[in-house]
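Understanding the architecture of this molecule
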Amino acid sequence: MSLQSQIGVVADKGFMSQYLEALSLVERLHRLLLDVIKDEFERLGILEINAVQALLLFNVGDNEVTAGELKSRGYYQGSNVSYNLKKLVETGYMHHQRCEIDRRSVRVRLTEKGRNVQSVVEDLFQRHAEGLEARSVLDRNGIEEINTSLRRVERYWSDQIRYIY
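Since the model is a prediction, treat every value here as computed from it, not as a measurement.

Located in the positive-phi region is Ser136, a residue other than glycine, with phi close to 55°. Locating Ser136 in the fold gives a position in the loop between helix H5 (112–134) and helix H6 (140–164). Owing to a relative accessible area of 62%, Ser136 belongs among the exposed residues under this scheme.

Turning next to H5. Here H5 contains 23 residues, and its C-alpha end-to-end distance of 32 Å stays within 8% of the 33 Å for a straight helix at 1.5 Å per residue. All of the buried residues along H5 are Gly114, Val117, Gln118, Val120, Val121, Leu124 and Gly131. Ser136 lies just past H5 and shows a positive phi near 55°.

Moving on to the packing of aromatic side chains. Inspection of every chain in the model, using the stated rule, returns 1 aromatic pair. Between the NZ or CZ atom of Lys113 and the centre of the ring of Tyr93, over which it lies, the distance is 4.6 Å.

Let us look at helix H2 (residues 51–60). By the criterion of burial, H2 is predominantly enclosed, with 7 of the 10 residues buried. Inspection of H2 places Ala51, Gln53, Ala54, Leu55, Leu56, Leu57 and Val60 among the buried residues, and these make up the whole buried set. Where H2 begins, one side-chain oxygen reaches toward the backbone nitrogen of Val52, 3.1 Å away; that side chain belongs to Asn50. A positive backbone phi angle near 55° is found at Gly61, which sits one or two residues after H2.

According to the stated counting rule, one finds 10 salt bridges in the structure shown. Among the salt bridges present, the one from Arg107 reaches Glu69, with a minimum N-O distance of 3.7 Å. With Arg107 in strand S3 (residues 106–110) and Glu69 in helix H3 (residues 67–72), the pair connects residues that are 38 residues apart, well separated along the chain. Under the relative-accessibility criterion, Arg107 is labelled partly exposed at 22%. One salt-bridge network, held together by shared partners, links Glu40, Arg43 and Arg127.

Averaged over every residue, the pLDDT of the chain is 88; residues scoring 70 or more account for 85%. Taken element by element, the chain is modelled with least confidence in H3, mean pLDDT 78, and with most confidence in H5, mean pLDDT 97.

Strand order in the open sheet made by the 3 strands is S1-S3-S2, with antiparallel pairing throughout. The open sheet has two free edges, formed respectively by strand S1 (65–66) and strand S2 (94–98), since each of these has just one partner strand. Pairing of S1 with S3 involves 2 bridges; the strand directions are antiparallel. By the bridge assignment, Val65 is partnered in S3 with Val108. Its contacts with the sheet place H2 against S1, S2 and S3, and it is angled at close to 65° to S2.

A few words now on the side chain of Gln118. Considering the arrangement of structural elements, one finds Gln118 in helix H5. If we skip the residues at most four places from it in the chain, Gln118 touches Leu57, Phe58, Gly61 and Leu110.

Rules and cut-offs
- Residues numbered from 1 in each chain as written.
- Predicted model: local features only at pLDDT ≥ 70, side-chain atom pairs only at ≥ 80, totals over all residues.
- Heavy atoms only, no water.
- Helix = DSSP H or I, 4+ residues; strand = E, 2+ residues; numbered from the N terminus.
- Buried < 20%, exposed > 50% of the residue type's maximum accessible area, 1.4 Å probe, protein only.
- Expected span 1.5 Å × (residues − 1).
- Phe/Tyr/Trp six-rings, centres within 6.5 Å; stacked < 30°, edge-to-face > 60°.
- Lys NZ or Arg CZ within 6 Å of the ring centre and 35° of its normal.
- Polar contact = N/O pair within 3.5 Å; in protein donor to acceptor, adjacent residues only side chain to side chain.
- Salt bridge = Lys/Arg side-chain N within 4 Å of Asp/Glu carboxyl O.
- pLDDT = per-residue confidence, 0-100.
- Pairing = 2+ DSSP bridges.
- Contact = heavy atoms within 4.5 Å.
- Axes fitted to C-alpha atoms, helices over the stretch in contact; angles between N-to-C directions.

Here is the structure:
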């Protein structure tokens, strides 16, 4: 093997290890985010819902959506979103109503109780954003670079699903 090809193999392994580290970080950050939300809700004495459900309420926000729309936006897996929406309706955090056009489809929106949870999560994220910037963990350019890079990976993975399988 030539020196040039050996250098290429070393560079590829370097990229591969960085890619695997990035995948691991994304996974760990998601789990850590859920833990941070869970801790905030425990601190506030809100024990009726879990962190995934709180994040779902935050993502629904002021919208009226179907489970399919939440899945197509890439927020949740199929059974996961259906189960959590059912629980949130049962516990009074969401209203649900059959769609007039497609009776199989159910549209959901937040109740006042759900909007309160959404507000708690929004306040938590606002404090985080301010803290990250104030402590110079990230600045506007840094967060924009992260978002741009993550969007590119998302697009690449979406293309892999769409065109290869």
